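Residue strings, one per chain:
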Amino acid sequence: MKRTVLYDCHVESGARLVDFAGWQMPVQYPGGILQEHLETRRSAGLFDVSHMGRFEVGGKGALDFLREVLTNDAAGLPAGQAHYTLLANPAGGAIDDAFLYRFYEDRWLLVVNASNAPKDWEHLNRQAAGFSGVRIKDLSGELAMIAVQGPKAEDIVSSLLDKGPLPQSKRNALGKAVLAGSQTLIGRTGYTGEPVCFELFVQASAAGRIWQILKEKGAHPVGLGARDTLRLEASLPLYGHEYGIDLDGQEIPILTCPTGRFGVDLNDPNRRFIGREAIAMQSAGVEKRIYPIRITGKGIGRAGSPVFLEGRQIGRLTSGTMVPYWVRRAAGPANQGEQGAGWQEHFTGQSDQRAIGLALLSGKPGPQTKIEIDNRGRRLEAIVVKRNLDNRSALFTFAVIE
Amino acid sequence: MIDPEARYLRTHEWARREDGDVFTIGLSSYAIDQLGDIVFMELPQEGDTLDQGGSFGVVESVKAASDLYAPIGGEVVEVNEAVPENPDMLKEDPYEEGWLIKIKASNPEEFEEMMDAGEYKHFLETEGG
């Protein structure tokens, strides 16, 4: 079993460790999943995401290569920015979804799911054989990856700054700085839905020290359990649930997932990329789509739970669980959609829970459509929603319960 | 933590003889600790009849749902309705405040088939549940 360079930090914090994609990872710390979720939304969560794959692509042929193996167009990505992208197969399904970081003019860092890293590595190297001047290097061992997410993340990360600014305050902006004496690559990226979000790429030798300081400055360690509830609340897809093979054995077309659209660029008609023809067909319409849902009755839906509309099955949940949220004081119409300050004003300090999920459904149900979810033979009342988390303000997110 | 008075199943339910043929049923602190945060529970209704080994409810954490299995068959004579309302009671006091149901056994000898506290402790140490 593999361990990240932060393993000792997790053990010291009393983490419960699980086997995840061949890695021994913290699923939760002693406070538990609910508390870790809430702390991320209220202050800041600290995540070890060093188990993910980090591949550096460089060389003269790098850009041409990336434009062929990734669905988003790397030519449209300036240095100092990152974007969401996918590795597609010729049928228009996802081999993986990924983030492409361009910290430097001449080389790119591709961050992929831990569970798919060996498969991606093999795929990329096989494809690279058709190009000249492409160099792919696995940096997963020498660079650790730490995420800091939540309203206090910027205060916490800036308190470690020795030299250089943070990346500009814009989603997916990148920068280089010295944090607590260590050269660090910083991205304003993340997987929690938090508007204030950082992912730090630090030398493995410095990772334990940086982790410890971030913790001392008030970032709360968060395990894989709350990482999953946070991404689910933000309706972010997870490979193996919203991408890949669905629970009926069918491959999920990339554009089935609304997030997939942000990772596909069809604008340049002269760019050929793997899966392009199939994805172009999907853009004319797909049979099923992924929708966020909320259970209004009593109970929890789980991945695989059948979903019914007027008694007829229209699909299944791809992900589902109970997530906690901070209760807001009822906001008057004047406060609807207010910025961060408005949120704080309505913060009660009380938390509650709600069962939510993502569902792969046919029949294009609109927002507020009433559906039923089967959980172990019992039908739970639920609705299709536009979103379960509002993260459009600059600082805070809040639970949407309309 | 193990209640020395109770007997146990491999699936971590405990039973304790209260009075004659009436037994109190709950879930061991080991199981509750393994589940993590409990976010939803379902228990049977008073008057329901349970078979030994049959499911009498479900306890759900963020990560998973687990069935509760009846160690003893019989009629449900009391349900601790406070626990599904406040699952934290399970974590705080699994053998007293956090009991789940009381059952009037149709065959009280089934109690003797369960592991005693020493056997359960050994089971946890050797098989880790």
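Predicted, not measured: the structure shown is a model, and the values here were computed from it. (Residues numbered from 1 in each chain as written. Chains lettered and ligands numbered in written order. Predicted model: local features only at pLDDT ≥ 70, side-chain atom pairs only at ≥ 80, totals over all residues. Heavy atoms only, no water.)

Draft legend 1. Examining the interface of chain B and chain A more closely. Across the boundary between the two partners, chain B contributes 16 residues, which contact 18 residues of chain A. Two residues, Asp33 of chain B and Arg16 of chain A, come together in a salt bridge whose shortest N-O distance is 3.9 Å. Across the contact surface, chain B and chain A share 12 residue pairs in polar contact (both at pLDDT 80 or more). Residue assignment for the side of chain B that touches chain A shows that the elements contributing at least two residues are α1 (29-35), β4 (38-42), β6 (55-61) and β7 (65-69) of chain B. The residue makeup of the side of chain B that touches chain A, split by class, is 6 nonpolar, 3 polar and 7 charged. (Contact = heavy atoms within 4.5 Å. Salt bridge = Lys/Arg side-chain N within 4 Å of Asp/Glu carboxyl O. Polar contact = N/O pair within 3.5 Å; in protein donor to acceptor, adjacent residues only side chain to side chain. Helix = DSSP H or I, 4+ residues; strand = E, 2+ residues; numbered from the N terminus. Nonpolar A, V, L, I, M, F, W, Y, C, P; charged D, E, K, R; others polar.)

Draft legend 2. How the structure looks around the environment of Ala82 of chain B. Residue and element names in this part refer to chain B. One can find Ala82 in helix α2 (residues 82-85). Residue class for Ala82 comes out partly exposed when judged on its relative accessible area of 35%. C-alpha of Ala82 to C-alpha of Trp99: the two residues are 17 residues apart in sequence and 9.7 Å apart in space. (Buried < 20%, exposed > 50% of the residue type's maximum accessible area, 1.4 Å probe, protein only.)

Draft legend 3. Looking closely at the sheet that holds β6 of chain B. Residue and element names in this part refer to chain B. On the basis of which strands lie adjacent, the open sheet formed by 3 strands has the order β4-β6-β7 and antiparallel pairing. Strand pairing shows two members of the sheet lacking a second neighbour, β4 and β7, which therefore form its edges. Each adjacent strand pair in this sheet contributes to an overall mean axis angle of 20°, direction not counted. Relative to β7, β6 runs antiparallel, the two being bridged by 5 bridges. Within the sheet, the bridge partner assigned to Ser55 lies in β7 and is Tyr69. (Pairing = 2+ DSSP bridges. Axes fitted to C-alpha atoms, helices over the stretch in contact; angles between N-to-C directions.)

Draft legend 4. Examining the side chain of Arg302 of chain A more closely. If you trace the backbone, Arg302 of chain A turns up in the loop between β15 (288-295) and β16 (306-309). A distance of 3.4 Å separates a polar atom in the side chain of Arg302 of chain A from a polar atom in the side chain of Thr321 of chain A. At 2.7 Å, the side chain of Arg302 of chain A forms a polar contact with the side chain of Glu60 of chain B. The contact partners of Arg302 of chain A, leaving out residues within four places of it in the chain, are Leu317, Gly320 and Thr321 of chain A together with Glu60, Ser61, Val62, Lys63, Ala64 and Ala65 of chain B.

It is worth stressing that arrangement in space is one thing and function is another; only the former is reported here.
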